[in-house]
Amino acid sequence: MSPLPRQGLAFSPESNRLAVAQTDNIVFVYKIGDDFGEKKVICNKFIQTSAVTCIAWPSEGPIIMGCADGKIRAAHCKTNKAQTLYNTDSYVCSVVVNNGGTCFLSGHADGSIVRWYVAEDQQAKKQGKVVVHSIPPYAMAWATNHICVAGPDKKVVFYTQEGMMAQQFDYFRDAT
């Protein structure tokens, strides 16, 4: 059974643009302005060959798009071009950016979590696969020292930056 494609939203670092990933394989970037009354206009359009399943906009670098075909793509607003950063051949179910906005993690249907840098980072760790989670990581958060991962198994797992399990909370027996 293959996961269903979904859409997503991501604000620009300065919060005056909004990237909208639609179910028709298109990501539109709207200029929404700094004030509520400003006219809203489409300033970029990125047509993809696969459904965009998740999206993030780091403070450094391009818009990051996770796709149903397993590709991670970067959308560059200045050039209106997109490029493939890497391909895992596994549905991308989540994308999260680090606190510095220089790096992101992608979570895939096969459980793999991949780290990728889009800008220079003085505290850079090894780029590539960080860990393989037991199920698809549909929810991820990235704090300074830990990666928090959750999914439909009712477990919340914290990993170190190196991919070692630091702590796990298991809510499997909790009916609520």
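In this text the structure is predicted, and so the values were computed from the model without any measurement.

Draft legend 1. A look at the overall build of the chain. Within the chain, the secondary structure is distributed over zero helices and 16 strands. Taken over the C-alpha trace, the chain has a radius of gyration of 17 Å; the compact-globule value for 176 residues is 16 Å, and the two agree within 12%. The C-alpha extent of the chain, read off along each of the three principal axes, is 50 × 40 × 30 Å. Relative to its full complement of 176 residues, the chain shows a buried share of 47%.

Draft legend 2. Here's a closer look at the environment of Val 157. With respect to the helices, strands and loops of the structure, Val 157 is situated in strand β15 (residues 155–160). Each C-alpha atom of the pair Val 157 and Gly 100 lies 22 Å from the other, and the pair is 57 residues apart in sequence. The contact partners of Val 157, leaving out residues within four places of it in the chain, are His 133, Ile 147, Cys 148, Val 149, Met 165, Gln 167 and Gln 168.

Draft legend 3. Representation of the side chain of Asn 16. Topologically, Asn 16 is positioned in the loop between β1 (8–11) and β2 (17–21). A relative accessible area of 18% places Asn 16 in the buried class. Discounting chain neighbours no more than four positions away, the residues touching Asn 16 are Tyr 30, Lys 31, Ile 32, Gly 33 and Asp 34.

Draft legend 4. Geometry of the environment of Lys 31. With respect to the helices, strands and loops of the structure, Lys 31 is situated in strand β3 (residues 26–31). Note on Lys 31: relative accessible area 43%, which makes it partly exposed. For the pair Lys 31 and Ala 75, spaced 44 residues apart in sequence, the C-alpha to C-alpha distance is 15 Å. Not counting the four nearest positions on each side in its chain, Lys 31 is found in contact with Asn 16, Arg 17, Lys 39, Lys 40, Val 41 and Cys 43.

Draft legend 5. Representation of the packing of aromatic side chains. Summed over all chains, the structure comprises four aromatic pairs. Judged by centre distance (6.2 Å) and plane angle (45°), the ring pair of Phe 28 and Tyr 30 falls under tilted. Accessibility expressed as a relative area gives 14% for Phe 28, which makes it buried. Seen from their ring centres, Tyr 86 and Phe 104 are 6.4 Å apart, and the 5° between their planes marks the pair as stacked. On the criterion of sequence distance, the pair formed by Tyr 86 in strand β8 (residues 81–87) and Phe 104 in strand β10 (residues 103–108) is long-range, its members being 18 residues apart. Residue classification places Tyr 86 among the buried residues on the basis of a relative accessible area of 11%. Classification of Phe 104 by relative accessible area gives buried; the value is 0%.

Draft legend 6. Quick peek at the nonpolar core. Within the largest apolar cluster, 14 residues are counted, with the highest numbers of intra-cluster contacts made by Ala 19, Val 27, Val 29, Ile 55, Trp 57, Ile 63 and Met 65. Looking at this core, the elements with two or more residues in it are β2, β3, β5 (52–56) and β6 (63–67). Ignoring sequence-local partners within four residues, the contact set of Ile 55 consists of Gly 8, Leu 9, Ala 10, Ala 19, Ala 21, Val 27, Ile 63, Ile 64 and Met 65.

Draft legend 7. Structural detail: the pattern of salt bridges. Scanning the entire structure with this criterion turns up two salt bridges. Here Arg 17 and Glu 14 are joined by a salt bridge, their closest N and O atoms 2.7 Å apart. A relative accessible area of 21% means that Arg 17 is categorised as partly exposed. Two residues, Glu 162 and Lys 125, come together in a salt bridge whose shortest N-O distance is 3.7 Å. Note that Glu 162 is positioned in the loop between β15 and β16 (165–170) and Lys 125 in the loop between β11 (112–117) and β12 (128–132), a separation of 37 residues in sequence. Given a relative accessible area of 52%, Glu 162 falls into the exposed group.

The rules behind each value
- Residues numbered from 1 in each chain as written.
- Predicted model: local features only at pLDDT ≥ 70, side-chain atom pairs only at ≥ 80, totals over all residues.
- Heavy atoms only, no water.
- Helix = DSSP H or I, 4+ residues; strand = E, 2+ residues; numbered from the N terminus.
- Rg over C-alpha atoms; globule rule 2.2 N^0.38 Å.
- Buried < 20%, exposed > 50% of the residue type's maximum accessible area, 1.4 Å probe, protein only.
- Contact = heavy atoms within 4.5 Å.
- Phe/Tyr/Trp six-rings, centres within 6.5 Å; stacked < 30°, edge-to-face > 60°.
- Core = buried A, V, L, I, M, F, W, Y, C linked by side-chain atoms within 4.5 Å.
- Salt bridge = Lys/Arg side-chain N within 4 Å of Asp/Glu carboxyl O.

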